[in-house]
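What follows is the residue order along each chain.
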Amino acid sequence: MKKYTTAGTDIESVKQQNANSGMSYNEVKAFLARTTGGHGTARFSNTDVEQVKRNNSPDSQGED
């Protein structure tokens, strides 16, 4: 027995189409985070890591 919304949409058909449509937005984000995790992106950054460490050290309070 098929279930329909009040507008006449076949609920099971929509569920099947969603299942066959590929990854959701959040699934894609999770996949990218798992598979890349930012590895190998340092070459695109101009951040001076040592300067950041100095700025974040406890003895550099208020210094720049």
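The residue numbers shown here count from 1 along each chain, following its written sequence. Side-chain atom pairs in this predicted model are given and counted only at pLDDT of 80 or more, local residue features only at pLDDT of at least 70, and totals for whole chains, interfaces and linings cover all residues. To obtain the side-chain values, all non-hydrogen atoms of the structure were included, while hydrogens and water were left out.

1. Overview of the overall build of the protein chain
Phase 1: Elements are defined by DSSP. Helices are runs of H or I of four residues or more, strands are runs of E of two residues or more, and each kind is numbered from the N terminus. Looking only at helices and strands, the protein chain features 3 helices and 0 strands.
Phase 2: Ordered by position in the sequence, the α and β elements of the protein chain form the string α-α-α.
Phase 3: With a 1.4 Å probe rolled over the protein chains alone, any residue whose accessible area is under 20% of its type maximum counts as buried; one over 50% counts as exposed, and the rest are partly exposed. Among the 64 residues that make up the protein chain, the fraction classed as buried is 5%.
Phase 4: Per element, the accessible surface of the protein chain, about 6,100 Å² overall, is 53% carbon and sulfur. Using the Shrake-Rupley algorithm and a 1.4 Å probe, accessible areas are obtained, with residue cover drawn only from the displayed protein chains.

2. Notes on the side chain of Asp10
Phase 1: Mapped onto the elements, Asp10 comes out in the segment before helix H1 (11-19).
Phase 2: Apart from residues no more than four positions distant in its own chain, Asp10 is found in contact with Lys2, Lys3 and Tyr4. Any two residues having at least one pair of non-hydrogen atoms within 4.5 Å are treated as being in contact.

3. Examining the pattern of salt bridges
Phase 1: Salt bridges are defined by distance alone: a side-chain nitrogen of Lys or Arg within 4 Å of a carboxyl oxygen of Asp or Glu. With the rule as written, the count across this model stands at 3 salt bridges.
Phase 2: Residues Glu12 and Lys15 are paired through a salt bridge, measuring 3.9 Å at the closest nitrogen-oxygen approach. One end of the pair, Glu12, and the other, Lys15, are both in helix H1, 3 residues apart, so they sit about a helical turn from each other.
Phase 3: Classification of Glu12 by relative accessible area gives partly exposed; the value is 44%.
Phase 4: One salt bridge in this structure joins Lys53 and Glu50, with 3.6 Å as the shortest N-O distance. Separated by 3 residues within a single helix, Lys53 and Glu50 lie in helix H3 (residues 49-56), roughly one turn from each other.

4. Points about a nonpolar patch on the surface
Phase 1: A contiguous nonpolar patch, built from Met23, Val28, Phe31 and Leu32 and spanning about 340 Å² of accessible area, is present on the exposed surface.
Phase 2: Mapped onto the secondary structure, Val28 falls in helix H2 (residues 25-35).
Phase 3: Taking relative accessible area as the criterion, Val28 reaches 32% and is therefore assigned partly exposed. Two distance rules govern patches: like charges are joined within 9 Å, and nonpolar side chains (Val, Leu, Ile, Met, Phe, Trp, Tyr) within 5 Å, applied only to residues with over 30% relative accessible area and no salt bridge.

5. Description of the confidence of the model for the protein chain
Phase 1: When pLDDT is averaged along the protein chain, the result is 82, and 80% of the positions lie at 70 or above.
Phase 2: Scored between 0 and 100, pLDDT is the confidence that the predictor attaches to each residue. When pLDDT is averaged over each element of the protein chain, H1 comes out on top at 91 and H2 at the bottom at 84.

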